[in-house]
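Observations on the model geometry
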Amino acid sequence: MKKYSHILLLVLGGLFMMLSNGKFLMAPAAWIFPILFLFAIEKMSLKKAMLTLTLVTAVSNQLSFHNMLPSLGIPMFSYIPAMAGALYAFTFILQQLSFRKTNSFVATLILPCTYALLDFSNLYFNPFGTFGILGYSQHGFLPIVQVASVVGVTGITFLIMWTASIIYWLRLDVTNKKKQHVALLTAAVLICIVTLGGWRVVTNVNTETVTVSGIHTLDRTDSEVLEIFNLHEKENRDFLKKTEENLNELIEMTITEAKAGAKIIHHSEGVAMLDETQKSLYLDSLRDVAKQWGVYIVTVPYVFTAEGSPNENVLYMIDPSGEVAFEHFKYGGNLIERTVEGDKQIKYADTAYGRLSGIICWDKDFPAIVNQAGEKNVDILFIPSADWKEISPYHTIVGNFRGVENGANIVTQTVNGMSMISDYKGQTLAQMDHFTSDQWVMRGQVPTKGMETMYSKWGKYFVWYIIITLLISVGYIHFDRRKKFES
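A brief report on the enclosed structure follows. (Residues numbered from 1 in each chain as written. Predicted model: local features only at pLDDT ≥ 70, side-chain atom pairs only at ≥ 80, totals over all residues. Heavy atoms only, no water.)

Here strand S10 (residues 409-412) shows a buried face lined by Asn 409 and Val 411 and a second buried face lined by Ile 410 and Thr 412. Here strand S8 (residues 380-382) pairs with S10 via 3 bridges, running parallel. Residue Leu 381 lies in a different strand from S10, and its bridge partner there is Ile 410. Here S10 pairs with strand S12 (residues 418-422) via 3 bridges, running antiparallel. When the bridges of S12 are listed, Thr 412 appears paired with Met 420. (Buried < 20%, exposed > 50% of the residue type's maximum accessible area, 1.4 Å probe, protein only. Helix = DSSP H or I, 4+ residues; strand = E, 2+ residues; numbered from the N terminus. Pairing = 2+ DSSP bridges.)

Dropping the structure here:
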């Protein structure tokens, strides 16, 4: 049995890695799998370890995101999770190589630095967004989630991997006294982080709230809805009739929520599909409702433009005077969706309910841009979205992390997915699942004040601290090994 223990550890590690991400996001699994991987490869040759671990991490990540990615017709696109997962195997090999060179505590920094750098690269350079970040696994463990308000979601990744590396280091050939000191210090740091995070979660700042209603009317899996796209190309008269019917229903639902006391009414992405000739009527109708009932309306129509021009996926915030406070064109995923690309500037409106802003769905996967919300002290960030069953609630959770990082309360109304209101701590205040609800309406009270975060000030530069730490660690390991060799 002992002979095959490394195989068992690899299998278990792969299982827990799969459960830590994608459709599962089990918080404990994220802390377990890196420990298992380090023990699994400790007696392997580096070549064998690289081959086997690459296979395991690739398969695990692929299973985590099975059926979650859209079908785009791009060669090998559906296997992106496997290719990304394979890269993470390299971080464990580097850590094991470092431990074979030295048993210095400094060596424990290799895994957390390299793994966090890969996650950071995914966050900021992946043209498809932030899918696969390990830190998202902790969304249900709110004390740890608060780390994101200091150093971002990659800081959570760093913490998880450093803990695993230290646990493995404790079995190396070092003095018991040193082991005890490190074990106690590590436990103390983790307890401190959880305690402070928990304190932040339970500490309530007295603030006013505003009643918000989120609504959508369409089901994108309905054949009649899907047929609307074809009608625009084939039977424009029927298309206009269908969209006018939907607009009337949307107006009625918006008025109903205004009558019920909502001060801000939030539509999902693509809540209406329009011909460009209908856009003025659409906006005028909603402007009349906003003015009559004294409400803010966040709406996102999908506008078919003239042939040869990109369609529009655009957010409008209409204020109680009936004026458009700002418009925002979607910038996330334009490579795929081929709509008008936004200018990547976060716009906002100062209101009696705080500073309000809005982005659209895929936009939230690009933190380099969403970070403007923290810089501009946005209090409530609306994220109208359109998802599908397999990616829900993962994609909504991604937006909640943007809120924690930037100190903004988040309202996400999602057609074919999970709609949710969360505060700047990541606490869920209201939610509505499109697939289990008879009426696609979400109501909740949203705090009108956000919270300035350390991340919005300097935490986004955490990557440079990681790079510097990695370089110093590599230099120290090389120097330490050379000194021992010469002695």
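On we go.
Here we come to the sheet that holds strand S2 (residues 264-275). The mixed open sheet is built from 6 strands, whose spatial order is S5-S4-S3-S2-S1-S14. Looking at which strands have only one partner, the edges of the open sheet turn out to be strand S5 (324-329) and strand S14 (441-447). This sheet shows a mean twist of 20° between the axes of neighbouring strands, independent of strand direction. In this structure, S2 lies alongside strand S3 (residues 296-304), joined through 8 bridges in parallel fashion. When the sheet's bridge partners are listed, Ile 264 is paired in S3 with Tyr 296. Running at roughly 175° to S2, helix H11 (residues 236-259) makes contact with strand S1 (209-215), S2, S3 and S14 of the sheet. (Axes fitted to C-alpha atoms, helices over the stretch in contact; angles between N-to-C directions. Contact = heavy atoms within 4.5 Å.)

It is worth spelling out the packing of helix H4 (residues 80-101) against helix H5 (residues 110-125) at this point. Closest axis-to-axis distance for the H4/H5 pair is 8 Å, and the angle between their directions is 160°. Taken as axis vectors, H4 and H5 run roughly antiparallel relative to one another. Every pair of crossing elements has a handedness; the one defined by H4 and H5 is right-handed. Across the interface between the two elements, Leu 87, Tyr 88, Thr 91, Phe 92, Leu 94, Gln 95 and Ser 98 of H4 pack against Ile 110, Leu 111, Pro 112, Thr 114, Tyr 115, Leu 118 and Asp 119 of H5. Taken together, the residues that form the contact of H4 with H5 break down as 9 nonpolar, 4 polar and 1 charged. (Parallel < 35°, antiparallel > 145°, perpendicular 65-115°, else oblique. Left-handed = near helix turned anticlockwise from the far one by under 90°. Nonpolar A, V, L, I, M, F, W, Y, C, P; charged D, E, K, R; others polar.)

Next up on the list: the packing of aromatic side chains. Taken as a whole, this structure holds 20 aromatic pairs when the rule is applied. Seen from their ring centres, Phe 39 and Tyr 168 are 5.0 Å apart, and the 70° between their planes marks the pair as edge-to-face. Of this pair, Phe 39 sits in helix H2 (residues 27-40) while Tyr 168 sits in helix H8 (residues 153-169), and the two are 129 residues apart along the sequence. What makes Phe 39 partly exposed here is its relative accessible area of 25%. Seen in terms of ring centroids, Phe 158 and Trp 162 are 5.7 Å apart; in terms of plane orientation they differ by 65°. Their pairing is edge-to-face. Of this pair, Phe 158 and Trp 162 both sit in helix H8, separated by 4 residues, roughly a single helical turn. Using a relative accessible area of 12% as the deciding quantity, one classes Phe 158 as buried. The class of Trp 162 is partly exposed, set by a relative accessible area of 26%. Through successive ring pairs, a cluster of aromatic residues spans Phe 33, Phe 37, Tyr 88, Phe 92 and Tyr 115. Directly above the aromatic system of Phe 435 lies the positively charged group of Lys 389, at a separation of 5.6 Å from the ring centroid. (Phe/Tyr/Trp six-rings, centres within 6.5 Å; stacked < 30°, edge-to-face > 60°. Lys NZ or Arg CZ within 6 Å of the ring centre and 35° of its normal.)

Of all hydrophobic cores here, the largest spans 80 residues; its most connected members are Phe 92, Tyr 115 and Tyr 136. Sorting elements by how many residues they give to this core places H8 first, with 9 residues. Sequence-distant contacts of Tyr 136, defined by excluding residues within four places in its chain, comprise Leu 25, Leu 123, Thr 130, Val 153, Tyr 394, Ile 397, Val 398, Phe 401 and Arg 402. One finds Ile 215, Val 271, Val 314 and Val 441 within the second-largest nonpolar core, a separate group that totals 23 residues. (Core = buried A, V, L, I, M, F, W, Y, C linked by side-chain atoms within 4.5 Å.)

Attention now moves to the sheet that holds S10. Neighbouring strands of a sheet are bound in pairs by backbone hydrogen bonds; such pairs are parallel or else antiparallel. Judged by pairing direction, the sheet is mixed, and its 6 strands sit side by side in the order S6-S7-S8-S10-S12-S13 without closing on themselves. The two strands at the open ends of the sheet, each matched to only one other strand, are strand S6 (348-351) and strand S13 (428-433). Averaged over neighbouring strand pairs, the angle between their axes works out to 20° when direction is ignored.

Another aspect to go through is a nonpolar patch on the surface. On the surface, a nonpolar cluster with roughly 560 Å² of combined accessible area is contributed by Met 454, Trp 458, Tyr 461, Trp 464 and Tyr 465. Mapped onto the fold, Tyr 465 is located in helix H18 (residues 462-486). Of the residues examined, Tyr 465 reaches a relative accessible area of 39% and is grouped as partly exposed. (Patch = residues over 30% accessible without salt bridge, like charges linked within 9 Å, V, L, I, M, F, W, Y side chains within 5 Å. Areas by Shrake-Rupley, 256 points an atom, 1.4 Å probe, with all protein chains shown as cover. Salt bridge = Lys/Arg side-chain N within 4 Å of Asp/Glu carboxyl O.)

When charged atoms on two side chains of opposite charge get close, those side chains can pair. With the rule as written, the count across this model stands at 13 salt bridges. Close ionic contact of Glu 405 with Arg 402 constitutes a salt bridge, the shortest N to O distance being 2.9 Å. Of the two residues, Glu 405 and Arg 402 both sit in helix H16 (residues 394-406), 3 residues apart, roughly one turn of that helix. On the basis of relative accessibility, which here comes to 2%, the residue Glu 405 falls in the buried class. For Arg 402, a relative accessible area of 1% corresponds to the buried category.

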